[in-house]
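# Coordinates in review
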Amino acid sequence: MKDLPDPGLTEAEAQARWRRDGPNELPAVSGHGLWRLLWGVLTEPMFLLLIACGAVYLVLGDEQGALMLLGFVVVVMGISLVQQQRTARALSALRELSSPRALVVREGRTRRVPGRELVCGDTVLLAEGDRVPCDLRLQDTAHLVVDESALTGESEGVMKHADGPEPAFALAGTLVTQGTARGTVTATGPRSALGRIGASLASLGDESTPIQRETAQVVRRVATVGLLVAVLLALAWWQIKGELVQGILAGLTLAMAILPEELPVMLTLFMGLGAWRLSREQVLARHIPAVALLGATTVLCVDKTGTLTRNRMAVRRLWTRDGPVIHDAVAQAGQPLPEALHALLEYAVLSSHRRAVDPMEQAITQAGQTLLAGTEHLHADWTLLNDYPLSRSLLAMSRVWQSPDQAERLIAAKGAPEAIVDLCHLGAEEAAAIAAQVQALAAEGLRVLGVAQARFSAPELPEGQHDFDFRFLGLIALQDPVRPDVPQAVADCQAAGMRVVMITGDHPATALAIAKEAGLQAEGVPLTGTELDTLDDAALALRLSDTQVFCRVSPAQKLRLVQAFRARGDIVAMTGDGVNDAPALKAAHIGVAMGARGTDVAREAASLVLLKDDFASLLTAVRHGRRIFANLRKAITFVVAVHVPIVGLSLLPVLLGWPMLLRPVHILCLQLLIDPACTVIFEAEPLAPGAMRQPPRRADARLFDATVLRRGLLQGLVLLAILLGVYAGAGWGGLSEAFAQGLTFAVLLLGDLVLIQLNRTGGRFTTGSRPR
């Protein structure tokens, strides 16, 4: 690089700007305070009823009953406090990613400082392997290549030139894979490219699922009706029997009987156990309610890099014009490399760094270790003498080696095919044949490099690569390969009625090639980011219906696409692994991050994380989601059925002049002990055969529809009639009041067990085991 043009900022200037602009990090999101959580727990209707019942028991002198009820309050309050606080750590991950240590020039001296201390105007030095700490305008570069896949989704490195006609920038969070650079800080913290993504994340709040909203609505409505009826019952008891305190207790008992407190508990149990089962399949549920919603997914938006593909370049084709000979590393996997291609791969390896950072060089080195193992074409004992890096004038690089048993120096070159053709001084006919092959490989979405070899015996190495007498060896084509499980997983998604679309920042040819290989229905014309910007919302909605591939798409455009699918009424799941995917992951109904190779930001923004990076795990999550919804309907039918006799036994004694048959402790036992145990049984029911060959449920499908309510009411009325008959029969038989009440409660418990079995089997009473 050129000599330093200025000494950088002074320490005083840096401190003044730091105080003005703040640290180079993203602001933390304040979580819910403890007092706010406590207030939310204390205002739950069921807790208020329990406390009121405890107070009535104290007035009546029953301290044991009061302590039991208030003890339940303390226990459930503690559980709620632990479960309700879900911390959003996406911005924390962004702060960590955006604040690496940096080499800065201040007062003419270079020193390494924490990235959070950088300010606008600082001069920062970059080298291979560095994470860019903030947005920089590049003042000087030397063969600089930057991996921007975390921001753009493109797996290929981007070459940066400071002396071009347009200003060159290195953006925060990207990675230097080759070369060095010097740049001036233009934006820090929330004003950087990474910070703007963080700001869009912060603006997308957590959203409750339809199941949560429906359950909360039902609980509120039933609770309102229940409290009104309970007040009327208390007043009636007072008017009929003249016992105000007992009337209040009877009213509270009825309110507890009517209030469907099991529903939130049951929903929590179903989701919690579903998340536990998914964790055994290496799927982490960060937002547990999203598990059930996944079963209703109609559109699955997938990122290409790191989701459909490995986010790791691999050698796909080797071609030499001698023959010609071509080797497909996928179709011919496990077969030996033809001898005619040994020199091509040998010199491709020699032209790469031994400790490569660049993804393509890593892929070439790995291919050499695999395909040339046991041959004489790997040279760990050769000595590197010099290298000629890429430049704007020549997109090729050469490395000069000395063999221990040869006097001549051996030169290996690779680069853009046209640059290698130029180095080899090939004729027009040969160059045209090579160009045709390059075009054919590029049409398949492959990244093509040319490889050449030279020998040099003069004592002094030349200034430039053109002074070597190169011989063209062939072409090496690389690709970020499709994960092996993806085609089958895509086919299974489509069989389950889910539409799969690709949203990527990559080139259209590459995107279409990957889409076809993955099994996406990609016959239509892809929509590019440039075209997307020209469409209003109405025009975009029309294009969504027949477009399966979206390419050259920015993070903001990914977010717009997800929101457009949602506006059409689709239930949208979005998969991704990069920083650029995070806003869309959070905006989707269900965000799914690839965990093993994905960024922290994507993992923290997502609802689900596939810990194995196994795309097929997504089908497992969908299967669990459909099973949970189906079993929730069975459990709700049971809850409705079991509440009918509880309400009847609380209300009818007043109307018939009988003593109270159920007290708050009985109802609390049923609701907080028996019913959660029952939901465990329903949650464990397997998915019905063929459910994954059915289309997703409608987005407006309800848990509490007429079928569920009708079946539950019928079952409950039958059980209530039996219980009233048992109590009346015990009285007619001359049994004591206490025995009659105990017998009625015992039959109620037995009836609950019968209702469980009926609803597990869809109304058919069986005792045999079911396949799991």
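The helix and strand inventory of the protein chain stands at 27 helices and 22 strands. Across the protein chain, every contact between residues at least 6 apart in sequence was considered, and the portion connecting residues at least 24 apart equals 73%. On the protein chain, roughly 33500 Å² of surface is accessible, and the fraction owed to carbon and sulfur atoms is 58%.

For helix H21 (residues 555–567), spanning 13 residues, the distance from its first C-alpha to its last is 19 Å, which sits close to the expected 18 Å at 1.5 Å a residue. Of the residues making up H21, those classed as buried are Gln 557, Lys 558, Leu 559, Leu 561, Val 562, Ala 564 and Phe 565. Of the residues flanking the end of H21, it is Gly 569, one or two places downstream, whose phi is positive at about 100 degrees.

This next bit is on a nonpolar patch on the surface. Taken together, the side chains of Val 231, Leu 232, Leu 235 and Trp 238 make up a nonpolar region of the molecular surface, amounting to roughly 400 Å² of accessible area. Following the sequence through the fold, Leu 232 ends up in helix H8 (residues 210–241).

Moving on, we come to the sheet that holds strand S16 (residues 471–479). With respect to topology, 7 strands assemble into an open sheet ordered S11-S10-S16-S15-S14-S13-S12, the strand pairing being antiparallel. The sheet is open, and its two edges are formed by strand S11 (325–328) and strand S12 (383–388), each paired on a single side. The sheet shows a mean angle of 20 degrees between the axes of neighbouring strands, taken without regard to direction. For strand S13 (residues 396–402) and strand S14 (residues 409–415), the ladder comprises 7 bridges, and the chain directions are antiparallel. Within S14, the position partnered with Trp 401 by the bridge is Leu 410. This element, helix H13 (residues 342–350), spans strand S10 (314–320), S13, S14, strand S15 (447–456) and S16 of the sheet and lies at about 75 degrees to S16.

Taken as a whole and assessed by the stated rule, the structure comprises 5 aromatic pairs. Between Tyr 388 and Phe 468, the ring centres sit 5.5 Å apart and the planes meet at 80 degrees, which makes this aromatic pair edge-to-face. Of the two residues, Tyr 388 sits in strand S12 while Phe 468 sits in the loop between S15 and S16, which places them 80 residues apart along the sequence. Accessibility expressed as a relative area gives 7% for Tyr 388, which makes it buried. With a relative accessible area of 2%, Phe 468 lands in the buried category. A centroid spacing of 5.7 Å and a plane angle of 45 degrees characterise the contact between Phe 638 and Phe 682, whose relative ring orientation is tilted.

Its 13 residues give helix H14 (residues 359–371) an end-to-end C-alpha distance of 18 Å, which sits within 8% of 18 Å, the value for a rise of 1.5 Å per residue. When H14 is considered as a whole, its buried residues turn out to be Pro 359, Met 360, Glu 361, Ala 363, Ile 364, Thr 365, Ala 367 and Gly 368.

The tendency in soluble globular proteins is for nonpolar side chains to be buried as a group. The biggest cluster of nonpolar side chains holds 80 residues, and the ones touching the most others in it are Leu 308, Met 502, Ile 590, Leu 608 and Phe 615. Per-element tally for this core: the top contributor is helix H24 (residues 617–656), with 16 residues. For Phe 615, the contacting residues outside a window of four places in its chain are Leu 300, Val 302, Thr 307, Leu 308, Asp 485, Val 486, Ala 489, Val 490, Met 594 and Leu 610. Core analysis: the second largest hydrophobic core is formed by 27 residues, Tyr 388, Ile 420, Ala 454 and Phe 472 among them.

All right, on to the environment of Ala 236 then. By secondary structure assignment, the location of Ala 236 is in helix H8. Once the C-alpha coordinates of Ala 236 and Leu 655 are considered, the two residues, 419 residues apart in sequence, prove to be 9.2 Å apart.

What follows is about the confidence of the model for the protein chain. Of the residues in the protein chain, 75% have a pLDDT of 70 or more, and the chain-wide mean is 79. Least confident of the elements in the protein chain is helix H5 (residues 90–98), whose mean pLDDT is 40; most confident is S14, at 96. Low pLDDT, under 50, characterises residues 83–99; the stretch is placed with 45 contacts to residues that sit more than four places away or in other chains. Taken as a whole, residues 765–772 scores under 50 in pLDDT and shows 13 contacts with residues more than four places along the chain or in a different chain.

The contact between helix H20 (residues 537–544) and H21 brings their axes to 10 Å, and the two run at 80 degrees. Considering their axes alone, H20 and H21 lie roughly perpendicular with respect to each other. Contacts between H20 and H21 involve Asp 537, Leu 540 and Leu 544 from the former and Arg 560, Leu 561, Ala 564 and Phe 565 from the latter. Looking at the contact of H20 with H21, its residues break down into 5 nonpolar, no polar and 2 charged.

Now for the side chain of Ser 403. Summarising the element assignment, Ser 403 is placed in the loop between S13 and S14. Relative accessible area serves as the criterion here: at 4%, Ser 403 is assigned to the buried category. Within the structure, Ser 403 has its side chain in polar contact with the side chain of Asp 405 (distance 2.4 Å). Once residues within four sequence positions are removed from consideration, Ser 403 is found in contact with Trp 382 and Leu 410.

Before going further, it helps to examine the pattern of salt bridges. Here the structure, examined in full by the defined rule, presents 18 salt bridges. The salt bridge partner of Arg 106 is Asp 122, with a shortest N-O separation of 2.6 Å. A residue pair is termed long-range when its members are at least 10 positions apart, and Arg 106 in strand S1 (residues 101–106) and Asp 122 in the loop between strand S2 (109–114) and strand S3 (123–126) qualify at 16 residues. Each member of the pair, Arg 106 as well as Asp 122, is classed as buried. For the salt bridge of Glu 408 with Arg 455, the shortest nitrogen-to-oxygen distance reads 3.4 Å.

Reading guide: rules and limits
Residues numbered from 1 in each chain as written. Predicted model: local features only at pLDDT ≥ 70, side-chain atom pairs only at ≥ 80, totals over all residues. Heavy atoms only, no water. Helix = DSSP H or I, 4+ residues; strand = E, 2+ residues; numbered from the N terminus. Contact = heavy atoms within 4.5 Å. Areas by Shrake-Rupley, 256 points an atom, 1.4 Å probe, with all protein chains shown as cover. Expected span 1.5 Å × (residues − 1). Buried < 20%, exposed > 50% of the residue type's maximum accessible area, 1.4 Å probe, protein only. Patch = residues over 30% accessible without salt bridge, like charges linked within 9 Å, V, L, I, M, F, W, Y side chains within 5 Å. Salt bridge = Lys/Arg side-chain N within 4 Å of Asp/Glu carboxyl O. Pairing = 2+ DSSP bridges. Axes fitted to C-alpha atoms, helices over the stretch in contact; angles between N-to-C directions. Phe/Tyr/Trp six-rings, centres within 6.5 Å; stacked < 30°, edge-to-face > 60°. Core = buried A, V, L, I, M, F, W, Y, C linked by side-chain atoms within 4.5 Å. pLDDT = per-residue confidence, 0-100. Parallel < 35°, antiparallel > 145°, perpendicular 65-115°, else oblique. Nonpolar A, V, L, I, M, F, W, Y, C, P; charged D, E, K, R; others polar. Polar contact = N/O pair within 3.5 Å; in protein donor to acceptor, adjacent residues only side chain to side chain.

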